Amino acid sequence: MIIVNVDDHDSARFLRTRVLQQEGYRVVEAATAADAREHGSADGTELTLLDINLPDGSGFDVCRKLKEDRPFTPVIMISSTHRTTQARLDGLAAGADAYLMEPVPPKQLVGVVRGFLGFVSDAERHDSGWVITDPAGLIEAASFGMERVLNLTVRNLTGRRLTDYFNDRDVASALLRGAVGGHGSLRTLRVRPRERAPLSAIVQTSPVTVPGDSMHHVRWAFTVEGRWRRAANEQAEHN
């Protein structure tokens, strides 16, 4: 999973990159609006951290363009100068999934990123990924990390009902209803990949707003716990 870190200030960009790399994320840096649009729209990108004041354009315009190309890929706007309530509203109106004001403590930055992408830290390098569903739980988009988690390609995941992949569908359905109603949750649940043994995963749900779309989407961030991932890998090797 790749995070694009956009900031024209070298020191701020470097510090955020180091914090995220220490948590196990892969980071690509960009210092201009043109590079932000290029890297942010790439297939492997799963989140963009976006500064507002860039030498060749506005972060608001970049955000709108990224959301046109890939509406479900999260964009987190970060600014040290646009610190007003109106600036935050402008960022959210442009499609930003979160708006942070500098200085952003490393713990807060990591926490926000984890809410969208799941955990990847520790020596296990946990499998993780995200899924976007409609209010009925049908998968509309998924990250490439979900191919490992659910043992299905992203193309084959689209259109399937996500709650079918949980041991306890009632709990998963309750999380779905809560997120549709605007309330996120964090639970450890048993997940049932295709043709593999069940896995234990940390699952975080949150509501997703897409500009111009009144439907209530839901983001599901998955992190497969290490001991269960090892068991799945051993089973796959045995087979």
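Structure first, text after, so check above.
Residues numbered from 1 in each chain as written. Predicted model: local features only at pLDDT ≥ 70, side-chain atom pairs only at ≥ 80, totals over all residues. Heavy atoms only, no water.

(A) Focus on the side chain of E102. Here E102 is to be found in the loop between β7 (98-101) and α5 (106-117). Engagement of the side chain of E102 in a polar contact is seen with the backbone nitrogen of V104, the distance being 3.0 Å. Residues contacting E102, with those up to four places away along its chain left out, are R16, I78, S79, S80 and R83. (Helix = DSSP H or I, 4+ residues; strand = E, 2+ residues; numbered from the N terminus. Polar contact = N/O pair within 3.5 Å; in protein donor to acceptor, adjacent residues only side chain to side chain. Contact = heavy atoms within 4.5 Å.)

(B) Main features of the sheet that holds β7. The strand order across the open sheet built from 5 strands is β2-β1-β3-β6-β7, with neighbouring strands paired in parallel fashion. Looking along the sheet, the strands with just one partner apiece sit at the ends: β2 (26-30) and β7. Mean inter-strand twist for the sheet, computed between neighbouring axes without regard to direction, equals 20°. With 4 bridges connecting them, strand β3 (residues 45-51) and strand β6 (residues 75-79) associate as parallel partners. Within β6, the residue paired with L50 across the bridge is M77. In this fold helix α2 (residues 33-40) packs onto β1 (2-6), β2 and β3, with an angle of close to 150° to the strand it touches most, β2. (Pairing = 2+ DSSP bridges. Axes fitted to C-alpha atoms, helices over the stretch in contact; angles between N-to-C directions.)

(C) Representation of the packing of aromatic side chains within the structure. Considering all chains together, one arrives at 2 aromatic pairs under this definition. Taken together through their ring pairs, the aromatic side chains of F166, W220 and F222 make up a single cluster. We note R219 situated over the ring of W130; from NZ or CZ to the ring centre the distance is 5.1 Å. (Phe/Tyr/Trp six-rings, centres within 6.5 Å; stacked < 30°, edge-to-face > 60°. Lys NZ or Arg CZ within 6 Å of the ring centre and 35° of its normal.)

(D) Examining the pattern of salt bridges more closely. Inspection of the entire model under this criterion finds 10 salt bridges. Of the charged contacts in the structure, one is a salt bridge between K65 and D69, with a shortest N-O distance of 3.6 Å. In this pair, K65 and D69 are both assigned in helix α3 (residues 59-69), 4 residues apart and thus about one turn of the helix distant. Residues joined in a network through salt bridges with shared partners are D7, R16 and E102. (Salt bridge = Lys/Arg side-chain N within 4 Å of Asp/Glu carboxyl O.)

(E) Examining unusual backbone geometry more closely. Between E102 and the following residue, P103, the backbone shows a cis peptide bond with an omega angle of -5°. The residue P103 is located in the loop between β7 and α5 in this model. For N151, which is not a glycine, the phi torsion comes out positive at approximately 60°. Residue class for N151 comes out buried when judged on its relative accessible area of 17%. One non-glycine residue, E195, lies in the positive phi region at around 60°. Its place among the elements puts E195 in the loop between β10 (185-191) and β11 (199-210). On the basis of relative accessible area, E195 is assigned to the exposed category, the value being 68%. (Buried < 20%, exposed > 50% of the residue type's maximum accessible area, 1.4 Å probe, protein only.)

This is a description of form; function is not addressed.
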